[in-house]
Amino acid sequence: MCRLLHVRSLCLAFFFSLLFGSAFCQPDFSANISSWKTLFPKEDIIVYSYKETVSFSLNDVPKPGEGNVKAKVVNELTLVPVKDFIKYDDGLFYNDQVSIDNVKAVSPKGKEVTIQKLCGSYKDEDIFHSDSKYCSVKFPLEEKGKAFTYRYEDNYRDVKYLTSFYFHLHMPVVERVIEFNIPSWLETDLREFNFKNSNIERTSVKDGDITRITFTVKNLPSFHQEPSSPNHALSYPHLICVNKAYTQNGQRKVLFESVKDLYGWYSTVCADIGNNPAELKDRVAGLIAGKKTDMEKIESIFYWVQDNIRYIAFEDGIMGFKPDAAQNVLKNKYGDCKGKANLLKEMLKIAGYDARLTWIGTSDLPYDYSLPSLAVDNHMICTVILNGKKYFLDGTEPFIALNDYAQRIQGKQVLIEDGKNYILDRIPDFPAERNKVKKITKISLDNDVIKGTTSAEFNGESKSVLQYVYTSMRSEDKTTALSDFVKRGNNNIVVSNVQPPDFKERQKPITVNYEFKANNQVKKVANEIYVVMDWDKEFSGLEFDADRKNDYEFNYKYNFNIQTELAVPDGYKVDYVPASFKKNTPNYSFEGSYTNKGKSVLYNKTIIVNKPILLKSEFDSWNAFIKEINNFYNDQVVLVKQQ
Amino acid sequence: MRQVISLYLLLLFVSAGIHPANAQVPSSGETIEPEFAVTAVPDKWSKESAVVIGQKTEYIFTRLAAGKRYTTVVRIQEYVHKRIKIQDKNAQEAFSTFYYVTMGKDGKAEYQIIKAGGKRVDIDMKNAIEEEKGIPAIYKPIYYRLGIKYFKIAIPDLEVGDIIDYNLRSTIDWDMRENGIGFTPFIFSLANNYSTMYQQYRFVMANGMKVKFRAFNGASNLKMDTKASVFGDKESYVAYYMLDRDREKTTEERWSYELRNTPSVKFRVIMLADNDPDSKALGMATVDRTFIDLDDVYKRFVGAALYRTTTVNTLVAYATEYLAKKKADGLLKNDDDIIRECYYCLRKVFLEMYYKGPVHSDLEKYMTGKKLYKKILKQQEKDEQKKEEREDEIRINSVVFATSLRTALAAQNIQSELYVYMPRTLGTWRDAVFLEELDFVMKVKSKRKSYFLEAFNNFDAFGSPYTYLEGSEGYSIGYDEPNKYYKTPGPLSTYQENISHKDYNVSFIDAMDDINIERTSVLTGHEKTDMIGIANLDRDYLKKDFEKYYNPPGQKGKRKKEDEVIDIASSTGYDNPDKEEKLKQRKELMEKDIKNEFDLEKYGEFELLNDGRYGDTATLKYKETFSLKKLLSRAGKNYIFDAGKLIGDQIKLEEKELQGRQTDIWLSNARTIENNITINVPAGYSVEGAQDLNMSVDNESGSFTSTAKTEGDKLVINTRKIYKKNFDKKELWPNYVAFLEAAYKFSQSKIVLKKK
């Protein structure tokens, strides 16, 4: 991901409390513990109540970096430990646009407790430097059932950065409330996402000059990160606060009312990037020299950026939205998505093409540009318009071919710059066929060992994964890494003579040829030989327990096309081959068959997973599908000695 | 890369108002060796990801003066210089960002890239970004005074084929009054993540200092550099260095202790006290290559079993009363009985205080003694990170334990000793250079045997072995007379003591897809370690402890202040408020354990048969039922059963391991893993192919033996895998290959259930 935005709740900030400064005791919740333990098993702390109260104010004399409208979010939380004397341990996030103020915790006896705070730069794996800061917050709780209160404020210097509100925390919440106090001078639209079946109640009350909109939900389980979970924006209920306009001194001023306004702000930010095309000219000339067609020239520039500009992201303040100048990125040989997109644009312009900056929300986000908010996108690419056709160039994809698109941007809406106007378009969406893995294997028996050769062809995402694995390995480890990749972690397979494929030709699939021995796949008993012809058994272990909390996101859409031919040893004949199996559903399918060809047995298998996210509601049918697949997998060929 | 030695590791204080004495003080980083001008790497490393052409770390220790007198402050200058050739994309990525720390006002970094054509490009370090670190408030003044700064910079235009060449300089002022006379010890291997053509470590010390230095496993020794030394009338500066060349990169092998297998060094600079005769007589620095001083060991550790606190008093008072009563009842027949019952009684009181007392975070600190005996505890904090904590584990502080046990046994006229040992991962006793490397447990001798007793947790069985003591070397410190210590070998357990024994009863369900298993596990010695906490998660053992070691309160006489005890209101019962939750959790953890090795369909029941907490050879025993899937596959009308998989995952050696080994073999301990598997053959089927399950590999390092025989409608499979030793020379690696491969092959073996 290319840009961090402050996201409220979930695994992020935490907060609590009731009335601070007052010294009355908190209620004892000991009587509730038993029922809470049933409702929220395995939890140490229950949040009895968590309320966020959002208010807005006009900023008559904005200082640099401030907006005309500011926002404050007061977080009040009542924490009830269900174990004795544990420590509350959590973190608060802030940055240049949002400060955290007035952090306080109060004990059950009404005394303010000392909070251990450790604050510093927040390190994100993908971002080298940003203005994100993180405070680790710790304080001791007391006996179980005794409530602590906790409170803090988020102060937004500019309301445009007030975007997402999530309901879930990483602790269960008995009552969760988000209250917006919207003054009459502000036009705010609260957009709801993933509200279906969430039991969130929305009420609206007019209170003088204020419209109070309240969202309430009870008994929220905690948010748990699990492997292969889709981004929380795709699954968890949340709100996006869209502040459309405000009226000051009788004058209506637009904030983000529509995508036009959002684009307007983006344009303003990008207006003074400070590109100096002269510094790029020589490089561009060198790259397109000798290239005859437009496609060749565009490819040459695109691939050079992929290969030579390292991904190092700077997201410091406005640099979270503004690309670094093209000549800097070229000189440094590093940049983030914005820097790479801008460099591509400038280089392609020099080469004579209509290239444009393009904003996009990756597949991690469920939004399109009908949502005029900074939360709508998180990535930038470059669009080239050639002969009326648009080519989307993602400089952060290290191996992708021109006119091919990574799954994370497929089908997503794009916002393309167009001077004072903008263009909305969509990245093509490809079926699983794009990622096809095609393997042709010939095997024969050498006593109780299977010997064979494989030609494996990788396309699309499967090709990218292979390239990534191979490229990121140390030189001395590459051959081993390639062998490990093709043997898929199976200790019984010994790969030899693996040929490093040609990674340079991006428009073609990658083919890996190798020889192998498969141990422990043959059982000889008297006159019979039992042979396992498929030891990869893709997806055989992918069943979901009832206690999984989140939907499941596949790495990509899968398409496996496997063909294995077993040479029947001399003196033997085929006694038994497993029955064919076929199962088709709209989102995934499996087809497997064994064919007795006399001197050989031909095994064919095709698996397609065409939908990248499996919803929890689909787990049962998926598990049944896997059970059927396993029933097919758990059958094997029998050869018998000819009499 | 291996952690760079850095002043950053030294936490100290600065004294203000002091100035360097007028002397010809050497400065760091003045000499750039010709090795740092090299641009080519040897052919043998030309295909590697990166090569360290040169790296040098230099320290200069000088004394500061105020007026004509020396102060107690030592100024330490650090200079680190590295030159690395980037040879592939992996290295390009790895070095594309540079994180570094500087200390002191003159702390700085210089960075240069030498392009393939020889062009030198200076990186503008003004572009480095200073990072905000989350420093605890109490340390902030120190960080501020020392001028510790964290930086990061993205390296521009770094390409494969480039050479990076950077240096870092830092300075700190070390006040001996506050921080002691010994600077932070360094212990490290000379093997880096990248092959290294040249590396140098250098110290320049003012008179009145010495460096303790030892080299191991072929590492070079420290040499004096007379040319770089400065000899003056009043002040002298003597330079020492250590050179290492042509060092292959680290190779990772299983069962290897880096410091025992690779060339490594230990060093530390020490400021001699003004009254130390060496300090005045020599007037110059010296290298100390002596072994660790036994008197120092004694002085440092003897107090660990002499630290009386109210907690200790409470533990001892209860145990003394209890033992007296049991003695009077004739239940304690010999020293072994007394030592054992004393140990368990002390634990009972500890657990009672912990679980039934006014549990409180402060009390927890008090109970586990974290405010006691600071120096030893500081070391323990490091060690505790190595000792993995078990589920639901509560461990008494070792100083509280040592003092309590020694005092309680002394009251029974049994003398205890403190066993101070060198952990095996670091070396033998002769390899010990610094007191910080040592650790201790209690040792008590009866007529029958010596017991090595670690500070107990809630699960330890009396006299059971501890992996970290295995094969250690150390000294015993006695308390019956002053200055008594003598060399003592640590305990070494055998494979007969550390046994995992599992009985399986396997039956097939009618649909012939899953199998049902009833399994009884019996674990002794180290084999209990991973499971004992989980198996006892219900805390039922507390009831047993509280009942068994209950002693009606005696008369409460008035005690002297130093003998004060905590009123623990002892009682026999224990009602675990979280029992239901703990039972559920235990089942989940057991289920998880099975899932780690098998395709579990359903976990059934768990029953604890023996908690493994009492007696010299206490066995942990429990019974489980569960069903597994994917072990059966069809083949026409017959079934193939992966019977071998029931012995659990076996080590599969990688291809390079099959070819040989470069380093000696260090296992944690000897052990035996046994499986007795009874397969109830389903009606209408016969077993074929079981003869393949008979294997036998036995050598001096280990063995794997298996038998399979049909008994009526049952197939009985017995397997035994033994690791006979905890160490072997690398030359014996083929022995391991032999029995490990046999065990793996067995685990992949199948039988045919043939339709009659």
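Basis of the calculations
- Residues numbered from 1 in each chain as written.
- Chains lettered and ligands numbered in written order.
- Predicted model: local features only at pLDDT ≥ 70, side-chain atom pairs only at ≥ 80, totals over all residues.
- Helix = DSSP H or I, 4+ residues; strand = E, 2+ residues; numbered from the N terminus.
- Buried ≥ 20, exposed ≤ 12 C-beta atoms within 10 Å, placed from the backbone.
- Contact = placed C-beta atoms within 7 Å.
- Nonpolar A, V, L, I, M, F, W, Y, C, P; charged D, E, K, R; others polar.
- Domains from an automatic or database assignment.
- Expected span 1.5 Å × (residues − 1).
- Arc of directions from axis to C-beta.
- Core = buried A, V, L, I, M, F, W, Y, C linked by C-beta atoms within 7 Å.
- Axes fitted to C-alpha atoms, helices over the stretch in contact; angles between N-to-C directions.
- Parallel < 35°, antiparallel > 145°, perpendicular 65-115°, else oblique.
- Left-handed = near helix turned anticlockwise from the far one by under 90°.
- pLDDT = per-residue confidence, 0-100.
- Pairing = 2+ DSSP bridges.

Undergrad: Is there a simple way to think about the overall build of chain A in this case?
TA: When helices and strands are counted, chain A shows 10 helices and 38 strands. Within the span of chain A, comprising 643 residues, buried residues form 42% of the whole. For chain A, the proportion of contacts with a sequence separation of at least 24, taken over those separated by at least 6, is 73%.

Undergrad: Looking at this structure, I do not really get the interface of chain B and chain A. What am I missing?
TA: How big an interface is tends to be stated in terms of the accessible area lost upon association of its parts. Of the residues lining the interface, 37 residues belong to chain B; the matching set on chain A comes to 38 residues. Of all elements in the fold, only α1 (89-94) and β26 (632-635) of chain B reach the threshold of two or more residues within the side of chain B that touches chain A. Looking at which element gives the most residues to the side of chain B that touches chain A, the answer is β26 of chain B, with 4 residues. Here the residues of the side of chain B that touches chain A sort into 10 nonpolar, 12 polar and 15 charged.

Undergrad: I would appreciate a short explanation of the domain arrangement of chain A in the present structure.
TA: Residues and elements named next belong to chain A. Split into domains, chain A comes out as domain 1 (8-254), domain 2 (259-426) and domain 3 (433-641). Contacts between domain 2 and domain 3 engage 5 residues on the former and 8 residues on the latter. For the side of domain 2 that touches domain 3, the residue count by class is 4 nonpolar, 1 polar and no charged.

Undergrad: Looking at this structure, I do not really get helix α10 (residues 619-633) of chain A. What am I missing?
TA: Because each turn of an α-helix spans 3.6 residues, side chains separated by three or four positions end up pointing in the same direction. All names here are of chain A. With 15 residues, α10 extends 20 Å between its outermost C-alpha atoms, agreeing within 8% with the 21 Å of an ideal straight helix rising 1.5 Å per residue. Among all positions in α10, only Trp622, Phe625, Ile629, Asn630, Phe632 and Tyr633 are buried. Taken around the axis of α10, the buried residues stretch over an arc of 155°, which confines them to a single face. For α10, exposure combined with an orientation more than 90 degrees from the buried face picks out Asp620 and Ala624.

Undergrad: How do you make sense of the nonpolar core when you look at a structure like this?
TA: Across soluble globular proteins, nonpolar side chains show a tendency to be buried alongside one another. Counting residues in each nonpolar core, the largest one holds 132 residues, and the members touching the most others are Val47, Leu79, Ile301, Leu344 and Met347 of chain A. Once you skip the residues sitting within four places of it in the chain, Ile301 of chain A turns out to touch Val284, Leu287, Leu344, Met347, Leu348 and Ala351 of chain A. Core analysis: the second largest hydrophobic core is formed by 64 residues, Ile517, Leu667, Leu693 and Phe746 of chain B among them.

Undergrad: I keep staring at helix α8 (residues 460-472) of chain A and nothing clicks. Help me out?
TA: Residues and elements named next belong to chain A. The terminal C-alpha atoms of α8 lie 18 Å apart, and with 13 residues this matches the ideal 18 Å at 1.5 Å per residue to within 8%. Along α8, the residues classified as buried are Gly460, Glu461, Ser462, Lys463, Ser464, Leu466 and Tyr470. Contacts made by the buried residues of α8 are with β25 (436-446), β26 (449-458), α9 (478-487) and β28 (510-518).

Undergrad: Can you help me understand the packing of helix α7 (residues 310-328) of chain B against helix α8 (residues 335-356) of chain B in this one?
TA: The description of two packed helices rests on the angle between their axes and on the distance between the axes. Residue and element names in this part refer to chain B. Two elements in contact, α7 and α8, have axes whose closest approach is 9 Å; the angle formed by their N-to-C orientations is 135°. One element, α7, and the other, α8, form an angle in the oblique class. In this structure, the crossing between α7 and α8 has a hand that is right-handed. Within the contact between the two elements, α7 uses Thr314, Leu315, Tyr318, Ala319, Tyr322, Leu323 and Lys326 and α8 uses Ile338, Glu341, Cys342, Cys345, Leu346, Val349 and Phe350. Per-class residue counts for the contact of α7 with α8 are 11 nonpolar, 1 polar and 2 charged.

Undergrad: I keep staring at the domain arrangement of chain B and nothing clicks. Help me out?
TA: All names here are of chain B. Considered domain by domain, chain B is made up of domain 1 (7-290), domain 2 (301-489) and domain 3 (499-539 + 576-755). Secondary structure elements with two or more residues in the side of domain 1 that touches domain 2: β12 (209-216), α4 (258-261) and β15 (264-271). When residues in the side of domain 1 that touches domain 2 are grouped by element, the largest group, 3 residues, is from β12.

Undergrad: What should I look at first to understand the environment of Lys730 of chain B in this one?
TA: All names here are of chain B. Examined against the element boundaries, Lys730 turns out to sit in the loop between β34 (727-728) and α16 (733-747). Lys730 gets classed as partly exposed once you count the C-beta atoms within 10 Å, which come to 14. Through-space distance from the C-alpha of Lys730 to that of Ile665 is 6.0 Å; in sequence the pair is 65 residues apart. Lys730 has contacts with Arg661, Gln662, Thr663, Asp664 and Ile665, leaving out every residue within four places of it along the chain.

Undergrad: Would you mind showing me how to read the packing of α8 of chain A against α9 of chain A here?
TA: Residues and elements named next belong to chain A. Contact pair α8 / α9: the axes reach a minimum separation of 8 Å and the direction vectors enclose 150°. When the axis of α8 is compared with that of α9, the two are roughly antiparallel. For the pair α8 and α9, the crossing hand works out as right-handed. Contacts between α8 and α9 pair Leu466, Val469 and Tyr470 from the former with Lys478, Ala481, Leu482 and Phe485 from the latter.

Undergrad: Sorry if this is basic, but what is going on with unusual backbone geometry here?
TA: One can expect most non-glycine residues to show negative phi and most peptide bonds to be in trans. With phi around 60°, Asn197 of chain A is a residue other than glycine that occupies positive phi space. The residue Asn197 of chain A is located in the loop between β12 (186-193) and β13 (201-207) in this model. A positive phi is found at Trp255 of chain B, a non-glycine position, where the angle reads about 55°. Given 18 C-beta atoms within 10 Å, Trp255 of chain B falls into the partly exposed group.

Undergrad: Mind showing me how you'd approach the confidence of the model for chain A here?
TA: Here chain A averages 93 in pLDDT, while 96% of its residues score no lower than 70. Low confidence marks residues 11-24 of chain A, where pLDDT is under 50. Its contacts with residues over four positions away, or in another chain, come to 41 contacts.

Undergrad: Sorry, what's going on with the sheet that holds strand β21 (residues 485-489) of chain B here?
TA: Across a sheet, strands are paired by hydrogen bonds formed along the backbone, either parallel or antiparallel in direction. All names here are of chain B. Taken together, the 5 strands give an open sheet; going across it, the order is β19-β18-β17-β20-β21, and neighbouring strands pair in antiparallel fashion. Looking along the sheet, the strands with just one partner apiece sit at the ends: β19 (450-453) and β21. Sheet twist, expressed as the mean angle between neighbouring strand axes with direction ignored, is 35°. In this structure, strand β17 (residues 416-422) lies alongside strand β20 (residues 473-478), joined through 6 bridges in antiparallel fashion. Within the sheet, the bridge partner assigned to Met422 lies in β20 and is Glu473.

Undergrad: Just to check I follow, could you spell out the pairing of strand β16 (residues 251-254) of chain A for this structure?
TA: Both faces of the sheet carry side chains from a regular strand, because those side chains alternate between them. All names here are of chain A. Judged from the 4 bridges that link them, strand β15 (residues 238-248) and β16 form a sheet pairing that is antiparallel. For Tyr246, the partnering residue across the bridge sits in β16 and is Lys253. In this structure, the hairpin formed by β15 and β16 is closed by a connection of 2 residues, where Asn249 is found at a positive phi of approximately 55°.

Undergrad: In this structure, what is going on with the sheet that holds strand β35 (residues 751-755) of chain B? I would like to understand it.
TA: Residue and element names in this part refer to chain B. With respect to topology, 4 strands assemble into an open sheet ordered β26-β27-β35-β30, the strand pairing being antiparallel. A strand with exactly one partner marks an edge of an open sheet, and here the two such strands are β26 and β30 (685-688). The mean inter-strand angle of the sheet, taken between neighbouring strand axes irrespective of direction, is 30°. Across 4 bridges, β30 lies against β35 in antiparallel orientation. When the bridges of β35 are listed, Glu688 appears paired with Val752.

Undergrad: So what exactly am I meant to see when it comes to the confidence of the model for chain B here?
TA: Should the pLDDT be low somewhere, the predicted coordinates at that spot are not to be read in detail. Residues and elements named next belong to chain B. For chain B, mean pLDDT is 86; residues scoring 70 or higher make up 87% of the total. Within the model, pLDDT remains below 50 along residues 1-23, and this stretch shows 60 contacts once partners closer than five positions in the same chain are excluded. Scored below 50 in pLDDT, residues 358-389 makes 36 contacts in the model with residues more than four places away or belonging to other chains. Prediction confidence for the complex, expressed as pTM and ipTM, is 0.89 and 0.90 respectively.

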